[in-house]
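Spelled out from the first residue to the last, the chains are:
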Amino acid sequence: PAKQPEKEQPAGKASLSVVNRPSKTTYYIGDKLNTTGLTARYTDASGKAQTITSGFTTNADLSSAGSKQVTVTYQGVSTTFNVTVKTPSVTVTQEELSEGLRLYATTDPAGQDVTWSSSNPSVAYFEGKTLHAAGSGTAVISATMTYNGRYSEIKNRFSADDGQSARGGHFK
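Residues numbered from 1 in each chain as written. Predicted model: local features only at pLDDT ≥ 70, side-chain atom pairs only at ≥ 80, totals over all residues. Heavy atoms only, no water.

Focus: unusual backbone geometry
Phase 1 of the analysis: Cis geometry is adopted by the peptide bond preceding P109, which originates at D108 and carries an omega value of 15 degrees.
Phase 2 of the analysis: Positive phi, close to 55 degrees, is recorded for N148, a residue that is not glycine.

What follows is the structure, encoded as structure tokens:
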């Protein structure tokens with residue numbers, strides 16, 4: 001619904017402009033646009049202006065990363081603003097422990113569940129987040145997460161020289 005009338009403008013063509021962008025302007029691939037906080041100024045053809053916070057439609061493609069244009073339409077008049085769309089990701093850090101390597105995953109967006117796996121459990125296996133060496137050889141260690149149905153994975157090669165402990169191995 002329309003808000004209180006504002007300063008009158010000379011008659012002419014209707015116009016729409018963004019006064020305040022939404023509170024959220026950074027998204028991840030597959031997110032839905034959130035227009036909370038969006039305020040626009042609509043001026044009709046007679047010059048009568050009003051501030052609107054709802055009743056408009058929006059259109060944006062958030063299916064790929066980058067700067068994306070959002071189109072706002074009200075009473076047949078449109079304007080645009082940009083938002084940022086990021087690719088979800090996972091990164092891995094490690095800490096050496098006496099019983100193995102403790103692996104930590106950092107996700108973007110933060111707080112996502114991560115699944116750990118080893119391509120060769122006879123070389124390296126997991127107990128929780130701790131990677132243990134089981135024998136000599138090489139294994140590919142994966143940390144994976146899913147966000148908005150999009151799969152993100154990081155793979156690192158782990159080589160164990162002695163098969164005795166992950167501390168003797170190399171995680172690259």
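Having seen the structure, we can now continue with the description.
Regarding the pairing of strand β15 (residues 150-160)
The side chains of a regular strand alternate, residue by residue, between the two faces of the sheet.
Phase 1 of the analysis: Here strand β14 (residues 137-147) pairs with β15 via eleven bridges, running antiparallel. Within β15, the residue paired with M145 across the bridge is S152.
Phase 2 of the analysis: A loop of two residues connects β14 with β15, the two strands running antiparallel in sequence, and N148 in this loop sits at a positive phi of about 55 degrees. (Pairing = 2+ DSSP bridges. Helix = DSSP H or I, 4+ residues; strand = E, 2+ residues; numbered from the N terminus.)

So, the sheet that holds strand β10 (residues 100-108)
Phase 1 of the analysis: Spatially, four strands are ordered β9-β10-β13-β12 in an open sheet, and the strand pairing comes out antiparallel. Edge positions in the open sheet fall to β9 (89-97) and β12 (124-127), since each of these has one partner strand only. Recorded for the sheet is a direction-independent mean angle of 30 degrees between the axes of neighbouring strands.
Phase 2 of the analysis: When β10 meets strand β13 (residues 130-133), the two strands line up antiparallel, connected through two bridges. By the bridge assignment, R102 is partnered in β13 with T130. (Axes fitted to C-alpha atoms, helices over the stretch in contact; angles between N-to-C directions.)

These values are about where atoms sit, not about what they do.
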